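Structural characterization, general
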Amino acid sequence: MGFADFRKQVLSGAPLAGTFVKTPSIPVIEVLAQSGLDFICLDAEHAPFDRAALDSCVAVARALDFPMMVRVGDASPREILQALDYGAVGVVVPHVETVEQAQAVARAARFGLGGRGYAGSTRWAGYATRTMPELLAQSREETVVLAQIEEPAAVEVCEDIAAVEGVDGLFLGPADLSVGYGHDTTDNAEVKGALARVGAACRAAGKGYASFVGTGAAAQDWAAAYGVNVFCIASEHTWLRQGAAEAARAVHDIGD
C-alpha cells in the first residue's frame, strides 16, 4: 500500500499496523519498510527529531513509497507545515482539546484561505515539477490528519471534534488520558469508557480511529472491544530490546 491509498484505508476502518519510531535513523526506516507494517509514525513530540533528521527520514520513506505519519511537537501551523512539506502522508497532532483547536489543525494541514502555505518547490510537491491543480488534488486525496484525544475535556467533546471537516480520525492517547484522570496505570474504567465513547464518535462521523497499544494481541482486543482500526504498536525501542533480551535469555539458559 502506497501513500495514495493510505487515507482511504484509514477512513474505511481497515486494520492498519504501525509503530512509533523514536530513533532518527535512516536504516531504521529502511528495515521497518521491509517488515509488513502498513505505516510508521515518527515521534517528533517525544523523541530527538530536529528538522534535518525529520527531513532525511521522511525522504527515505517517500522514496520507498512507505506511508509515514509524523506526530508533530505541537499543534502549531509551522510544525504541521514542515512535516507535510517534507513528504509525510499526514500528521498526528497532540493535545487537541476543543473543537476550535481541531478546526485550526485541519485548516493548517489543508490548502485554502488561512490554511497550509502553498509551495510547489518542496519534496512533497515534486520539487517544482507538478502543477498547482495536481498538488491541490493530491492533498485532498492523500493528507491524513489525526487529532489526539489526551485530556478528559477532549473526551467530553469528542463527537464534535470527530465531526470537524478536515479531521480524518481521532487518536486516543491512553497514557496521557489515564494521567489526566488521575490514574497511575492505563488499566482503569475511565479510559475504557473513553475508548468506547471515542470509538462510537469516530464511527458516527465516518472517521478513522487510532490508538497506541503495546502488542499485536492488544490490538486485536481493542479492535473488537472499541473499534480501533489504526494501531501504533509499541516502538522500535521496545522491539529492539525484546529481541535482544530473548536472545540473551536463550544463551543464559544454556546448561541450566
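The text that follows walks through the structure, step by step, so that each part is easy to find. Sequence order as written defines residue numbering, which begins from 1 separately in each chain. Owing to the predicted nature of the model, reporting of local features is limited to residues with pLDDT of at least 70; listing and counting of side-chain atom pairs is limited to 80 or more, with chain, interface and lining totals taken over all residues. No hydrogens and no water enter the side-chain calculation; it runs on all heavy atoms of the structure.

A separate point is the packing of helix α4 (residues 77–86) against helix α5 (residues 99–109). Where α4 meets α5, the axes come as close as 9 Å, and the angle between the chain directions of the two elements is 35 degrees. For the pair α4 and α5, the crossing hand works out as right-handed. Of the residues in α5, those touching α4 at P77, I80 and L84 are V105, A108 and A109. Tallied by class, residues from the contact of α4 with α5 come to six nonpolar, no polar and no charged. The axes used here are C-alpha line fits, helices contributing only the stretch in contact, and every angle between their N-to-C directions lies in the interval 0 to 180 degrees. By the criteria applied, helices consist of DSSP H or I runs no shorter than four residues and strands consist of E runs no shorter than two, each listed in order from the N terminus. Rotating anticlockwise by less than a right angle from the far helix to the near helix defines a left-handed crossing, while the corresponding clockwise rotation defines a right-handed one. Contact definition: two residues touch when any of their heavy atoms are within 4.5 Å. Note on residue categories: nonpolar means Ala, Val, Leu, Ile, Met, Phe, Trp, Tyr, Cys or Pro, charged means Asp, Glu, Lys or Arg, and polar means any other residue, Gly included.

Another aspect to go through is α5. Helical geometry: 3.6 residues make up each α-helical turn, so side chains three or four residues apart lie on a common side. For every residue, the accessible area obtained with a 1.4 Å probe (protein chains only) is divided by the maximum for its type, and the residue is called buried under 20%, exposed over 50%, and partly exposed between those limits. Here α5 has its buried residues at V99, A102, V105, A106, A108 and A109. Packing partners of the buried residues in α5 comprise α4, β4 (90–93), α6 (132–142), β5 (144–149) and α8 (158–162).

This part is about the pairing of β5. Every regular strand shows the same layout, with side chains that alternate between the two sheet faces. Burial analysis of β5 places six of its six residues in the buried class, the great majority of the element. Neither face of β5 is exposed, since V144, L146 and Q148 on one face and V145, A147 and I149 on the opposite face are all buried. For two strands to count as paired, DSSP must find a minimum of two bridges between them. As judged from the four bridges shared by β4 and β5, these two strands associate in the parallel manner. Within β5, the position partnered with V91 by the bridge is V145. Two strands pair when backbone bridges link them, and β5 and strand β6 (residues 169–172) are joined in this way by four bridges, in the parallel orientation. Opposite L146, over in β6, you have G169 as the bridge partner.

Relative orientation of the contacting elements helix α3 (residues 51–63) and α4 amounts to 35 degrees, with a least axis distance of 9 Å. Facing α3, whose interface residues are R51, L54, D55 and V58, α4 presents R78, Q82 and Y86. A class-by-class count of the residues in the contact of α3 with α4 yields three nonpolar, one polar and three charged.

Because side chains alternate across strand β3 (residues 68–71), one face comprises the buried residues M68 and V70, and the other comprises M69 and R71, equally buried. Bridge count for strand β2 (residues 40–43) against β3 is four bridges, and the pairing is parallel. Among the inter-strand pairings, I40 is bridged to a residue of β3, identified as M68. Orienting the strands away from the viewer, one traces the path from the first strand over the helix to the second; a clockwise path indicates a right-handed crossover. On the question of chirality, the crossover connecting β2 to the parallel β3 by way of α3 is right-handed. Here three bridges tie β3 to β4, and the two strands are oriented parallel to one another. Paired with M69 across the two strands is G90, which belongs to β4. Chirality of the crossover, the property in question, places the unit of β3, α4 and β4 among those that are right-handed.

Strand pairing within a sheet occurs via backbone hydrogen bonds; the two strands may be parallel or antiparallel. Pairing in this closed barrel of eight strands is parallel, and the strands run β1-β2-β3-β4-β5-β6-β7-β8 around the ring. Averaged over all adjacent pairs, the angle separating strand axes in this sheet is 25 degrees, with direction ignored. The sheet contacts of helix α1 (residues 3–12) involve β1 (16–21), β3, β5, β7 (208–213) and β8 (230–235), and relative to β1 the element is tilted by about 110 degrees. Sheet strands touched by helix α12 (residues 236–252): β1 and β8. Its angle to β8, the strand with the most contacts, is close to 50 degrees.

With respect to the helices and strands, the residue T185 is situated in the loop between α9 (174–180) and α10 (189–205). Taking C-alpha positions, T185 is 13 Å from G173, a pair spaced 12 residues apart along the chain. For T185, the side chain forms a polar contact with the main-chain nitrogen of D187, separated by 3.2 Å. Residues adjacent in sequence count toward polar contacts only when both atoms are side-chain atoms; beyond that, a polar contact is any pair of N or O atoms within 3.5 Å, and within protein one must be able to donate a hydrogen and the other to accept it.

The subject of this paragraph is the state of the cysteines. By definition, disulfides here are pairs of cysteine sulfur atoms that lie within 2.5 Å. What the rule picks out here adds up to zero disulfides. Its sulfur unpaired, C158 is 7.5 Å from the next cysteine sulfur, which belongs to C202.

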